[in-house]
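Take a look at the letters that make up each chain.
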Amino acid sequence: MKTIANISVSITIAAILLNGCAPKGGAGMVGYDSNVKYGDAKAVETVTADFGSTDLQSTAEALTQSLLESRYIAKAQQPPKVRLRTVNNMTYEHIDTKAITDKIRIKLLKSGAVRFLADTANLNQVNDERELTASATAIKENKAMADSDFIITGNVRSIKKANENVQDVYYNVSLELVNPQSGEIVWADEKEIRKVTAKSSVGW
Amino acid sequence: MSLTKNSVMSLAISSLLLAFSTGCTQKNINIIGEKRVEITKYKSVQEGNFMKIMAELENTDNDNTEGFVYQIEWYDKNGFIKDTTPWKAITIHKNQKVQVIEMTNIPDIVDYKIIVSVPNK
């Protein structure tokens, strides 16, 4: 009888000890009680006035909508072949302009209204791959790869102003759809963003 | 007296109809947080393969400019959510209306929901 009681006490103590050592959270969770938390990737972010995720998302969204409405895309007999060219960053801060065009490309590809050719930056890799399977048809195939109906180019600009109370940042992202054969600009649009930061008046 | 009774009956029936119709049309709207902003009208149109919506948002506050965010959820014919816009910030001055227009980037969208999130003061 005494042995059974001893075993029960031992089991209880072991269970308490084990539970005490067990990390918080549950199955599929690591570091549950840390300060790191996942947030909404599409939430409006106003941590600083620099070009941020919200600006990237809203720019891509607005310019994609505009491009899909342009008659050269919307009224095309078949989805035109488009190649992304460089979008120049003419601001004073580092902006990954490829992130903007990549996001637009993903959205346009999902729409099914546009086909994309490999970027000029990736053409070397595509060519390397093609050389591996070089054949008599290579020249014809190369032509197909070079035949873009349109290219997309653009610029990102910013104007910053500040006084002792307010800092104002204006971003302008403009894109163009150009027919590379004729050089004609068939569509252009811009996304404007203004961010105003009120400087704290609390001080010594 | 009977006229008054009839009027009351008509009023009650009208109120019920209005309540039902409002309940049906509100399925496309979800306002989170304090109700300091109203969606006064909204509609959708089909542009080729893509759905386009318009919503008119009103700041009903007489004193304050309202800053809030909104998002559109896009649904397919099975009621599955297929895409969402990013949350977008918008500011409306007191007693003013703003019209927002959004278009989906993916085809085969048949329904939508406008979500407005108003911060607590």
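**Q** Is there a simple way to explain the packing of helix 2 (residues 53–69) of chain A against helix 4 (residues 97–111) of chain A in this structure?
**A** Residues and elements named next belong to chain A. Relative orientation of the contacting elements helix 2 and helix 4 amounts to 45 degrees, with a least axis distance of 9 Å. The angle between helix 2 and helix 4 places the two elements in the oblique class. For the crossing formed where helix 2 meets helix 4, the hand is right-handed. Contact with helix 2, carried on its side by Leu56, Gln57, Thr59, Ala60, Glu61, Leu63, Thr64, Leu67 and Leu68, involves Ala99, Ile100, Lys103, Ile104, Lys107, Leu108 and Ser111 of helix 4 and no other residues of that element. By residue class, the composition of the contact of helix 2 with helix 4 is nine nonpolar, four polar and three charged.

**Q** Looking at this model, I keep getting lost on the sheet that holds strand 5 (residues 185–198) of chain A. Mind explaining?
**A** Think of a sheet as strands paired side by side through backbone hydrogen bonds, with each pair either parallel or antiparallel. Residues and elements named next belong to chain A. Taking strand neighbours across the sheet as the criterion, the five strands line up as 2-1-3-4-5 in an open arrangement whose pairing is mixed. The open sheet has two free edges, formed respectively by strand 2 (115–116) and strand 5, since each of these has just one partner strand. One ladder, built from two bridges, connects strand 1 (residues 81–89) with strand 2; its direction is parallel. Its bridge partner being in strand 2, Lys81 is matched across the sheet by Arg115. The strands that helix 2 touches are strand 3 (150–162), strand 4 (166–178) and strand 5; relative to strand 5, the one it contacts most, it runs at about 155 degrees. Of the strands in this sheet, strand 1, strand 2, strand 3 and strand 4 are in contact with helix 4, which crosses strand 1 at around 155 degrees.

**Q** Sorry, what's going on with the side chain of Asp61 of chain B here?
**A** All names here are of chain B. Mapped onto the fold, Asp61 is located in the loop between strand 3 (50–59) and strand 4 (66–75). Polar contacts involving the side chain of Asp61 include one to the main-chain amide nitrogen of Asn64, which spans 3.4 Å. Once residues within four sequence positions are removed from consideration, Asp61 is found in contact with Arg36, Glu66, Lys94 and Asn95.

**Q** What should I look at first to understand the environment of Lys195 of chain A in this one?
**A** Residue and element names in this part refer to chain A. Along the polypeptide, Lys195 turns up in strand 5. Separated by 25 residues in sequence, Lys195 and Tyr170 have C-alpha atoms that sit 6.5 Å apart. Setting aside chain neighbours within four positions, we find Lys195 in contact with Thr48, Ala49, Asp50, Phe51, Gly52, Asp55, Gln167, Asp168, Val169 and Tyr171. Among the polar contacts made by the side chain of Lys195, one reaches the side chain of Asp55 at a distance of 2.6 Å.

Rules used throughout
Residues numbered from 1 in each chain as written. Chains lettered and ligands numbered in written order. Predicted model: local features only at pLDDT ≥ 70, side-chain atom pairs only at ≥ 80, totals over all residues. Heavy atoms only, no water. Axes fitted to C-alpha atoms, helices over the stretch in contact; angles between N-to-C directions. Helix = DSSP H or I, 4+ residues; strand = E, 2+ residues; numbered from the N terminus. Parallel < 35°, antiparallel > 145°, perpendicular 65-115°, else oblique. Left-handed = near helix turned anticlockwise from the far one by under 90°. Contact = heavy atoms within 4.5 Å. Nonpolar A, V, L, I, M, F, W, Y, C, P; charged D, E, K, R; others polar. Pairing = 2+ DSSP bridges. Polar contact = N/O pair within 3.5 Å; in protein donor to acceptor, adjacent residues only side chain to side chain.

Interpretation note: all reported values are geometric properties and have no functional meaning in isolation.
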